[in-house]
2 protein chains.
Amino acid sequence: MTSEQTHPSGRSGVSRRGLLFGGAVAGLGAAAAVGADVLLNRLQPGTATERGGEAMPALHGSDTVPFYGTHQAGIATTPQAHATFIALDLRAEIDRSALRRMMRVLTDDAARLTQGEPALADSEPELGTVPARLTVTFGFGPEFVMRAAGPSALPDWLGPLPAFSIDRLDPAWSDGDLLFQIASDDAFTVAHATRMLLKDARSFATVRWTQHGFRRALGSEKPGTTMRNLFGQVDGTTNPSPEDEDFARVVWAADGWLAGGTSFVLRRTRMDLDKWDRLDRSGREQSVGRTLANGAPLTGVNEHDEPDFDAKTSIGFPVIPEFSHIRRARSENTDERIFRRAYNYDHPPSGAEISDSGLLFVSFQADALQQFVPIQRRLDELDLLNEWTTPIGSAVFAIPPGCVAGGYIGDTLLV
Amino acid sequence: MTSEQTHPSGRSGVSRRGLLFGGAVAGLGAAAAVGADVLLNRLQPGTATERGGEAMPALHGSDTVPFYGTHQAGIATTPQAHATFIALDLRAEIDRSALRRMMRVLTDDAARLTQGEPALADSEPELGTVPARLTVTFGFGPEFVMRAAGPSALPDWLGPLPAFSIDRLDPAWSDGDLLFQIASDDAFTVAHATRMLLKDARSFATVRWTQHGFRRALGSEKPGTTMRNLFGQVDGTTNPSPEDEDFARVVWAADGWLAGGTSFVLRRTRMDLDKWDRLDRSGREQSVGRTLANGAPLTGVNEHDEPDFDAKTSIGFPVIPEFSHIRRARSENTDERIFRRAYNYDHPPSGAEISDSGLLFVSFQADALQQFVPIQRRLDELDLLNEWTTPIGSAVFAIPPGCVAGGYIGDTLLV
């Protein structure tokens, strides 16, 4: 983390380090106020963690992410440790006015729960008091948009992706009319928010699928550490950051009811850890084009070094193989960029396998067809990682923009 | 948290508050060394959590729990946020000497992984560097003990519990020969440790069942907050604490190869949240005998107030009903105490239900028959909560004592 932070607004933020050293004395007084145990533990990293001498972490359960705004939360939000993705199918009788009623109720639930308040009909209000950065992000499938506003409102990218040869899609993990992405640093909070939203959605829609994912816990690693997937690979190095100047161009749609919204792609990608185990370290690094130790490109030293795709070995082969993942994923066309927000999954295996594990690949981009599909097509044609990974679920949703207090998510479509 | 801490050894610990104020100046210097951002964030609780202005939590990924010791870790350890319980069945050909080989390998894996080092055969060593208080606790089923040392080594409580009328047990969630309890504040760490242990166990045993559970994230709530279950109930108020004087008597076995070990009971208890929703708040409080707001007994004000079972309402009924959970669970016999270490579970439901949720009720006690069974029998006979909860899995394991470096878990049985 640098000492100068840039705010999402683009303006340079206050230097934290400056604040600290300028305000050290005041700070020490504040330390006593917030709890001396907390501070002392921070001054003694690595102390024993058994009960009786345990390090007390900074409390973050009351941290909140604003609900209302130009964009929905849960996209540019630094990924929380846990996420549940739920797709629902609308009941047959649900029409435009019922959709409006449903989205008003669900918006109200999300607005309250994300701020640490119980939902209106919350029968366990005590469970809603620990938001831990809870976000609820809603998405609409093609059927939702058709019922809401007819075919003219349908973005051309909203529907099943073109077929890829590597796909082994299971309808049980694919498609849907309505999406909830429910994410928090606390798994218990995700469970309670999920139940509250499903209770209020139940008369309008039925659950089609539910997918849980996890990342490192808040505070497990330094903020800004690129995620590793269950293969051990550093995964997402080139991901644009919400602080980047062109983030808005990559992610946010500009026109019509979707202005300020985006497209959401979820690819449930099974990773064959048992087969991966039979590949040696060099083979693993060649398949991706990056070192396992720190994710540096095979032509570089540090994770964020620019890969040199022209570099050759002493016997004339490319150092970063043609078939490697980073080479195939990279485009010359700067319009073909996406913003990834992936989660890992790990379920008890059935049968003789040791693992049923993989990646909930999630990406946001203004236009799924123009930005996501070309990348996936290149990976489909030739990507050594395909040997160990299989897409088994696929879904695309339109993520409407955020709303103001008094409005509701989807109000630009349902007005 | 009090300012005076008592160590598990029973000796009074150093006062943290005293240390802080005595060493404030040195502390401030240390703060700069460990990272000013961390400290400053602790001095500004409640700052915005969006990327760019987010509060940075104290880093706890490198926190470790000692592996070697008189007792296995993961019992008196303050419960971590995530736990996976795995039962394995031994392969037919595994004899005493194979058990010894297996436990040496698994002990070595656990000793390394819990200290943030890769396991010896770790093919993804980079995934082992964030222990986040990882503990691995091993347990033995009756078949393991029989093969290891014959019937004379079998504790009389090691085997399926007596049948209870409320049970609807599924063999898919019951019994087993070998138990792994793998727990960490980081779900990713649990996933990696699980895989490493299963890879090394694979030639000795097959997986019988796997059960994941979660509690509040580290730092979501103040340490010492009693867990709430998914019904919203404060759950575990009367649990003994490892600091209590009689904790050792409740938990640790005293004799034979199990001296320093304990018994482990897991009851997978389904909670019917949909049915619970139809019960009003007063009915919910009567079913347990505690208020939902803070878990106080219905005759008290604060959570830890002693319940007054003799108190009567104005029309002569007991304030805490005869059928309430706390009344039935409470024993006059102080030998009938257990130490609970439960986790919640929440899985995607099948069919029309909104939830497949419940409690992985876990308890440790020196003797499962003498301590756990009498409590469960009273609850089986009469406990209003039985209306909404159903035990669907049950398992008992013998938890051997800890070991010293150079030894292995089970060496008191397998010598």
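Since the model is a prediction, treat every value here as computed from it, not as a measurement. (Residues numbered from 1 in each chain as written. Chains lettered and ligands numbered in written order. Predicted model: local features only at pLDDT ≥ 70, side-chain atom pairs only at ≥ 80, totals over all residues. Heavy atoms only, no water.)

Brief notes about the environment of D367(A)
Residue and element names in this part refer to chain A. Where we set the bar: The secondary structure listing takes helices from DSSP runs of H or I that are at least 4 residues long and strands from runs of E that are at least 2 residues long, numbered from the N terminus. Categorising residues by exposure relies on relative accessible area from a 1.4 Å probe, with only protein chains included: less than 20% of the type maximum marks a residue as buried, more than 50% marks it as exposed, and the intermediate range marks it as partly exposed. Residues are treated as being in contact if the distance between any of their heavy atoms lies within 4.5 Å.
Relative to the assigned elements, D367 resides in the loop between strand 8 (356-365) and helix 11 (368-381). Judged by relative accessible area, D367 falls into the buried class, the value being 19%. Sequence-wise, D367 and A398 are 31 residues apart; in three dimensions their C-alpha atoms are separated by 9.5 Å. Excluding residues within four positions of it along the chain, D367 makes contact with D156, W157, S263 and F372.

Thoughts on the packing of helix 4 (residues 96-113) of chain B against helix 5 (residues 142-149) of chain B
Residues and elements named next belong to chain B. The line we're drawing: In this analysis an axis means a line fitted to C-alpha atoms, helices contributing only their contacting stretch, and an angle means the value between N-to-C directions, from 0 to 180 degrees. Should the near helix be turned anticlockwise from the far one by less than a right angle, the crossing is left-handed, and should it be turned clockwise, the crossing is right-handed. Here the term charged refers only to Asp, Glu, Lys and Arg, the term nonpolar to Ala, Val, Leu, Ile, Met, Phe, Trp, Tyr, Cys and Pro, and the term polar to all other amino acids, Gly among them.
Between helix 4 and helix 5, the least distance of the axes is 8 Å, while the angle of their chain directions is 115°. Classified by chirality, the crossing of helix 5 by helix 4 is left-handed. Where helix 4 abuts helix 5, its residues R96, L99, M102 and M103 lie against F144, R147, A148 and A149. For the contact of helix 4 with helix 5, the class distribution of residues is six nonpolar, no polar and two charged.

Re unusual backbone geometry
Residue and element names in this part refer to chain B. Even without being glycine, A132 reaches a positive phi, approximately 45°. In this structure, A132 sits in the loop between helix 4 and strand 2 (135-140). Relative accessible area serves as the criterion here: at 0%, A132 is assigned to the buried category. Its identity as a non-glycine residue notwithstanding, D175 has a phi of 60°, on the positive side. Mapped onto the elements, D175 comes out in the loop between helix 5 and strand 3 (178-184).

Comments concerning the UniProt feature "domain: Dyp-type peroxidase N-terminal" (unreviewed entry) in chain A
As a reminder of what qualifies: UniProt positions are given in the numbering used here, feature names are shortened, and annotations may be inferred rather than shown by experiment.
In this structure's numbering, the residues bearing the UniProt feature "domain: Dyp-type peroxidase N-terminal" (unreviewed entry) are residues 72-215 of chain A. Strand forms 22% of residues 72-215 of chain A and helix 29%; the C-alpha atoms that close the span are 21 Å apart.

What to know about helix 11 (residues 368-381) of chain B
Residue and element names in this part refer to chain B. The condition that has to hold: Multiplying one less than the number of residues by 1.5 Å gives the expected span of a helix. Polar contact criterion, stated in full: a pair of N or O atoms within 3.5 Å, where within protein one must be able to donate a hydrogen and the other to accept it, and residues adjacent in sequence count only if both atoms are side-chain atoms.
Between its first and last C-alpha, helix 11 extends 19 Å over 14 residues, near the 20 Å set by a 1.5 Å rise per residue. When helix 11 is considered as a whole, its buried residues turn out to be A368, Q371, F372, V373, P374, I375, Q376, R378, L379 and D380. As for helix 11, its buried residues are in contact with helix 7 (247-251), strand 5 (262-271), helix 10 (325-329), strand 8 (356-365) and strand 9 (389-399). Sitting at the head of helix 11, D367 places a side-chain oxygen 2.9 Å from the backbone nitrogen of L369.

Observations concerning the nonpolar core
Selection rule: We define a nonpolar core as any set of buried Ala, Val, Leu, Ile, Met, Phe, Trp, Tyr and Cys residues linked to one another through side-chain atoms lying within 4.5 Å.
M102(A), M103(A), L106(A), F138(A), F144(A), L178(A) and F180(A) are the most contacted members of the largest nonpolar core, which has 74 residues in total. Here the element with the most residues in this core is helix 4 (residues 96-114) of chain A; it accounts for eight residues. With 73 residues, the next largest nonpolar core counts M103(B), L134(B), V145(B) and A342(B) among its residues.

Structural notes on the packing of helix 4 of chain B against helix 6 (residues 187-201) of chain B
Residues and elements named next belong to chain B. Selection rule: Should an angle fall under 35 degrees it is called roughly parallel, over 145 degrees roughly antiparallel, and 65 to 115 degrees roughly perpendicular, with every other angle called oblique.
At a closest axis distance of 9 Å, the pairing of helix 4 and helix 6 adopts a crossing angle of 160°. Taken together, the axes of helix 4 and helix 6 are roughly antiparallel relative to one another. Of the two elements, helix 4 crosses helix 6, and the hand of that crossing is right-handed. Residue-level contacts link V105, L106, D109 and L113 of helix 4 to H192, A193, M196, L197, D200 and A201 of helix 6. Across the contact of helix 4 with helix 6, the residue classes tally to seven nonpolar, one polar and two charged.

Describing helix 11 of chain A
Among the 14 residues in helix 11 of chain A, ten count as buried, and that is most of the element. Buried residues belonging to helix 11 of chain A abut helix 7 (247-251), strand 5 (262-271), helix 10 (325-329), strand 8 and strand 9 (389-399) of chain A.

Some words on the pattern of salt bridges
The condition is simple: Each salt bridge in this description consists of a side-chain nitrogen of Lys or Arg and a carboxyl oxygen of Asp or Glu lying within 4 Å of one another.
Here the structure, examined in full by the defined rule, presents 44 salt bridges over all chains. Measuring nitrogen to oxygen at the nearest pair gives 3.0 Å for the salt bridge that ties R249(A) to D335(A). Placement of the pair is R249(A) in helix 7 and D335(A) in the loop between helix 10 and strand 6 (339-340), with a sequence separation of 86 residues. For D335(A), a relative accessible area of 43% translates into the label partly exposed. Here D277(B) ties to R284(B) by a salt bridge, and the two come within 3.6 Å at their closest N and O atoms. Classification of R284(B) as buried rests on a relative accessible area of 2%. Each of E124(A), R195(A), K199(A), D274(B), D277(B) and R284(B) takes part in one network of salt bridges that share partners.

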